[in-house]
Amino acid sequence: MKNILYIVWSDNNKIGIPIIDEQHRGIISTINSLHYFIQTGHGHEIIKPTMIMLEQYTYVHFKTEEALMAEASYPAFEEHIVLHKALLKKTKDLSIDANRNKDSDMVLKFLKEWWLGHINKEDKKYTPFLRKLIDTKAF
Ligand SMILES: [Fe+2]
């Protein structure tokens, strides 16, 4: 096992909204922990709670984004919600199957690609709308 993180966070992944960037890093960090536990041969007693943590963090993060998108009257709100719902369901299924999942490499690859793709493509679309909103706020 190489002594590197599975996903190395880069500032290029930042969208410039502090609370969202912080949560994105938290999600990536959780995926990195999951990778670490799998690679080091930890049992399901730690893999399962990490998947549950990822599912719950995903839920909290999506709620944060969705509230801001709604407040900013983001025009593509509905399309974005569809993507969130699908990923949340998939994460829930992976979490339920955590004890049975044989192909952990595929799960990790899926999570890595989904999150980096979503942050850099879909989330960056709403950025100007949310920036405008938060510039008027105290956070
Ligand atoms: Fe999103």
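Residues numbered from 1 in each chain as written. Predicted model: local features only at pLDDT ≥ 70, side-chain atom pairs only at ≥ 80, totals over all residues. Heavy atoms only, no water.

Undergrad: Is there a simple way to explain the coordination of the iron ion in this structure?
TA: By definition of the ideal shapes, a tetrahedral metal site with four donors has angles of 109.5 degrees and an octahedral site with six donors has angles of 90 or 180 degrees. Bound to the iron ion on the protein side are Glu65 (OE), His80 (NE2), His84 (NE2), His118 (NE2) and Asp123 (OD), at distances that span 2.2 to 2.5 Å. We note that the donor set of the iron ion lies within a single chain, spaced as E-x14-H-x3-H-x33-H-x4-D. Its relative accessible area of 3% is what places histidine 118 among the buried residues. With relative accessibility at 0%, the residue aspartate 123 sits in the buried group. (Donors = N, O, S within 2.8 Å, 3.2 Å for Na, K, Ca; no water. Buried < 20%, exposed > 50% of the residue type's maximum accessible area, 1.4 Å probe, protein only.)

Undergrad: Sorry if this is basic, but what is going on with the packing of helix H1 (residues 18–39) against helix H4 (residues 104–134) here?
TA: How two helices sit against one another is set out by the angle between their axes and by the gap between those axes. Where H1 meets H4, the closest approach of the two axes is 10 Å, and the angle between their N-to-C directions is 175°. With respect to each other, H1 and H4 are oriented roughly antiparallel. Facing Pro18, Ile20, His24, Ile27, Ile28, Ile31, Leu34, His35, Ile38 and Gln39 of H1, the residues of H4 in contact are Ser104, Asp105, Leu108, Leu111, Trp115, Leu116, Ile119, Asp123, Tyr126 and Ile134. Classifying every residue of the contact of H1 with H4 by side-chain character gives 14 nonpolar, 4 polar and 2 charged. (Axes fitted to C-alpha atoms, helices over the stretch in contact; angles between N-to-C directions. Helix = DSSP H or I, 4+ residues; strand = E, 2+ residues; numbered from the N terminus. Parallel < 35°, antiparallel > 145°, perpendicular 65-115°, else oblique. Contact = heavy atoms within 4.5 Å. Nonpolar A, V, L, I, M, F, W, Y, C, P; charged D, E, K, R; others polar.)

Undergrad: Can you help me understand the environment of lysine 48 in this one?
TA: As for its position among the elements, lysine 48 is in helix H2 (residues 44–71). Accessibility expressed as a relative area gives 23% for lysine 48, which makes it partly exposed. Here the side chain of lysine 48 touches serine 95 through a polar contact of 2.8 Å, landing on its backbone oxygen. (Polar contact = N/O pair within 3.5 Å; in protein donor to acceptor, adjacent residues only side chain to side chain.)

Undergrad: Help me understand the side chain of glutamate 65, please; the structure alone is not making it clear to me.
TA: Secondary-structure assignment places glutamate 65 in helix H2. For glutamate 65, which is buried and forms no salt bridge, the nearest opposite charge comes from lysine 63, at a distance of 11 Å. Among the polar contacts listed, one links the side chain of glutamate 65 to the side chain of histidine 84, at a separation of 2.9 Å. Ignoring sequence-local partners within four residues, the contact set of glutamate 65 consists of Ile20, His24, His80, His84, His118, Asp123 and Tyr126. (Lys, Arg positive; Asp, Glu negative; His and termini not counted. Salt bridge = Lys/Arg side-chain N within 4 Å of Asp/Glu carboxyl O.)

Undergrad: I keep staring at the pattern of salt bridges and nothing clicks. Help me out?
TA: Side-chain pairs of opposite charge can arise whenever the charged atoms involved come near each other. On inspection of all chains with the given rule, the structure shows 4 salt bridges. For aspartate 93, the salt bridge goes to lysine 89, with nearest N and O atoms at 2.9 Å. Of this pair, aspartate 93 and lysine 89 both sit in helix H3 (residues 77–96), 4 residues apart, roughly one helical turn. Given a relative accessible area of 52%, lysine 89 falls into the exposed group. Salt-bridge contacts for lysine 109 lead to glutamate 113; the nearest nitrogen and oxygen are separated by 3.3 Å. With a gap of 4 residues between them, lysine 109 and glutamate 113 both fall in helix H4, about one helical turn apart. Via salt bridges that share partners, Lys121, Glu122 and Lys125 belong to a single interconnected network.

The quantities given are spatial measurements derived from coordinates; they are silent on function.
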